[in-house]
Amino acid sequence: MRGIVVRDSGVALEDGCEELLADEGVLVEVVYSDLNYKDALAVTGRPGVVRQKPLIAGIDLVGRVVESADERWTPGQWLVLNGAGLSETRHGGYAELARADADLAVPVPDGLTPERAAALGTAGYTAALAVLRLVMDGVSPDSGPVLVTGATGGVGSVAVMLLAAAGFDVAALTGREDRFGDYLRDLGASSIVGRQALGEPGRPLQKALYAGVVDSVGGQVLANAIAQTQPHGVVTACGLAASPDLPATVMPFILRGVTLAGIDSVWAGVEDRADAWRVLARGVDLDQLDQMTDRVGLDGVIAAGEELLAGKRHGRTLVEI
Ligand SMILES: NC(=O)c1ccc[n+]([C@@H]2O[C@H](COP(=O)([O-])OP(=O)(O)OC[C@H]3O[C@@H](n4cnc5c(N)ncnc54)[C@H](OP(=O)(O)O)[C@@H]3O)[C@@H](O)[C@H]2O)c1
């Protein structure tokens, strides 16, 4: 079995790593995975994701059940598993076989091929969790525009697409408008906001522009986005592509009733996972998804991870196992 293994001595594509797999969970033939920000950190040997070694990397897997002691899963069935400790404390999706958590895996939803489910991966599933949270907390297309930060990234691109498909007026914040302005408008953004507009320290309460925010970058951008959120608006925070800091004040919360909602895709419950995948199956434009998806094999993952961290990738990267 080939797989990308993170060891104390480094990260490499190895042959014969099946001995690492414990005899538990659902045995899956992994057919696809994908590349997320966390994957890029793990396969380039950076700290913060992998918490025990040796460990097979890859926070997502899409594959066919080979054998299962759990009667909810039958051989031949396609499943998708995102997060759930993969590439943190459990062996992940960058290998030809995996042992999947029977409780947190979900069937590949009707309307998506296994390949497209992997192309969406954690980034798409997290975008769907964020959009669901906005809607559950009362943000509707009539409430006002929704700001999506890190818009050319995986989470951002899918969030723009889902929100536009649901009828929202989407403002896409990006540091790469020159190259990707048209890409974002094609995904459904109605306006583009330059990253520098929210990049500097600002007043605690600013002009209230947005009914909702999908943020994947954190830091000063998130602080300013909160300060620009309308009364009773909702800001979902899922990422730290810019910074884990939040240099904000409580003013928007206590004077405007703004809600700051955290999104955790890794340990989301199985019902939320199934809901998010249903939203993706209904709301994603398949042609656009295909256009924004680049492909690499297992032997191309480490180089693609370096590129992602260097800001040289956009959209989604499918990994063909
Ligand atoms: N909470 C969860 O469960 C969860 C799940 C998935 C992802 N995440 C997190 O969400 C974040 C995004 O993930 P992703 O897969 O979408 O990554 P990605 O594809 O690399 O996208 C990140 C985007 O952030 C923007 N960005 C990068 N550096 C920036 C900086 N210094 N300042 C401002 N913006 C910057 C870029 O967009 P522009 O060039 O368009 O500005 C980039 O495309 C990561 O921190 C990831 O760990 C969390």
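Please read all numbers here as calculations on a predicted model, not as lab measurements.

### Some details on helix α7 (residues 270-283)
Consideration 1: If you check α7, its first and last C-alpha atoms are 20 Å apart, about what 14 residues at 1.5 Å a residue would give, namely 20 Å.
Consideration 2: Taken residue by residue, α7 has Arg 273, Ala 276, Trp 277, Leu 280, Ala 281 and Gly 283 as its buried positions.
Consideration 3: Contacts made by the buried residues of α7 are with β6 (78-82), β8 (106-107), α2 (114-136) and α3 (154-165).

### Focus on the domain arrangement of the protein
Consideration 1: Considered domain by domain, the protein is made up of domain 1 (2-119 + 288-320) and domain 2 (123-262).
Consideration 2: Here domain 1 and domain 2 have C-alpha centroids that lie 28 Å from each other.
Consideration 3: Taken residue by residue, the interface counts 11 residues in domain 1 and 14 residues in domain 2.
Consideration 4: In this assembly, domain 1 packs against domain 2 so that about 1000 Å² is buried in total across both faces, 59% of it on carbon and sulfur atoms.
Consideration 5: Looking at the side of domain 1 facing domain 2, the largest losses of area belong to Gln 288, Met 292 and His 314, adding up to 47% of the total buried there.
Consideration 6: For the interface between domain 1 and domain 2, the tally reads five residue pairs in polar contact (both at pLDDT 80 or more).
Consideration 7: Looking at the side of domain 1 that touches domain 2, the element that brings in the most residues is helix α8 (residues 286-292), giving three residues.
Consideration 8: Across the side of domain 1 that touches domain 2, the residue classes tally to three nonpolar, six polar and two charged.

### Brief notes about the layout of surface pockets
Consideration 1: Of the volumes computed, that of the largest pocket is approximately 1200 Å³.
Consideration 2: The wall of the largest pocket is formed by 46 residues, among which Tyr 37, Ser 216, Gly 239, Leu 240 and Ala 241 lie closest to the centre.
Consideration 3: Mapped by element, the contributors of at least two residues to the lining of the largest pocket are α1 (37-43), α2, α3, β10 (170-174), α9 (301-309) and β16 (316-320).

### Remarks on the site of the ligand
Consideration 1: Among the 25 residues in the neighbourhood of the ligand, the closest are listed as Thr 152, Thr 174, Cys 238, Ile 263 and Ser 265.
Consideration 2: One of the backbone N or O atoms of Gly 154 is found 2.9 Å from an oxygen atom in the ligand.
Consideration 3: One nitrogen or oxygen atom from the main chain of Cys 238 is found 2.9 Å from a nitrogen atom belonging to the ligand.
Consideration 4: Compared with its free state, where it exposes 930 Å², the ligand has 84% of that area covered by protein.
Consideration 5: In a pocket analysis with a 2 Å cut-off to the grid points, the ligand is assigned to the largest pocket.
Consideration 6: Those elements giving two or more residues to the shell around the ligand turn out to be α1, α2 and α3.
Consideration 7: Here the residues of the shell around the ligand sort into 10 nonpolar, 11 polar and four charged.
Consideration 8: Here the shell around the ligand spans two domains, since at least three of its residues come from each of domain 1 (2-119 + 288-320) and domain 2 (123-262).

### A short note on a nonpolar patch on the surface
Consideration 1: Nonpolar side chains collect at one region of the surface, where Val 250, Met 251, Ile 254 and Leu 255 lie side by side and expose about 390 Å² of accessible area between them.
Consideration 2: When you line up the elements, Ile 254 lands in helix α6 (residues 251-256).
Consideration 3: The class for Ile 254 is exposed, based on a relative accessible area of 59%.

### Brief notes about the confidence of the model for the protein
Consideration 1: Averaged over every residue, the pLDDT of the protein is 97; the share at 70 or more is 100%.
Consideration 2: By mean pLDDT, the top-scoring element of the protein is strand β9 (residues 146-148) (99), and the lowest-scoring one is α8 (94).

What counts and what doesn't
Residues numbered from 1 in each chain as written. Predicted model: local features only at pLDDT ≥ 70, side-chain atom pairs only at ≥ 80, totals over all residues. Heavy atoms only, no water. Helix = DSSP H or I, 4+ residues; strand = E, 2+ residues; numbered from the N terminus. Expected span 1.5 Å × (residues − 1). Buried < 20%, exposed > 50% of the residue type's maximum accessible area, 1.4 Å probe, protein only. Contact = heavy atoms within 4.5 Å. Domains from an automatic or database assignment. Buried area = accessible area lost by both parts, 1.4 Å probe. Polar contact = N/O pair within 3.5 Å; in protein donor to acceptor, adjacent residues only side chain to side chain. Nonpolar A, V, L, I, M, F, W, Y, C, P; charged D, E, K, R; others polar. 1 Å grid on protein atoms, 1.4 Å probe; cavity = no way out; pocket = protein on both sides within 12 Å on 5 of 7 lines; lining within 4 Å. Points joined across faces, edges and corners; volume = space filled by probe spheres on them. Near = heavy atom within 4 Å. Areas by Shrake-Rupley, 256 points an atom, 1.4 Å probe, with all protein chains shown as cover. Sits in = over half its atoms within 2 Å of the grid points. Patch = residues over 30% accessible without salt bridge, like charges linked within 9 Å, V, L, I, M, F, W, Y side chains within 5 Å. Salt bridge = Lys/Arg side-chain N within 4 Å of Asp/Glu carboxyl O. pLDDT = per-residue confidence, 0-100.

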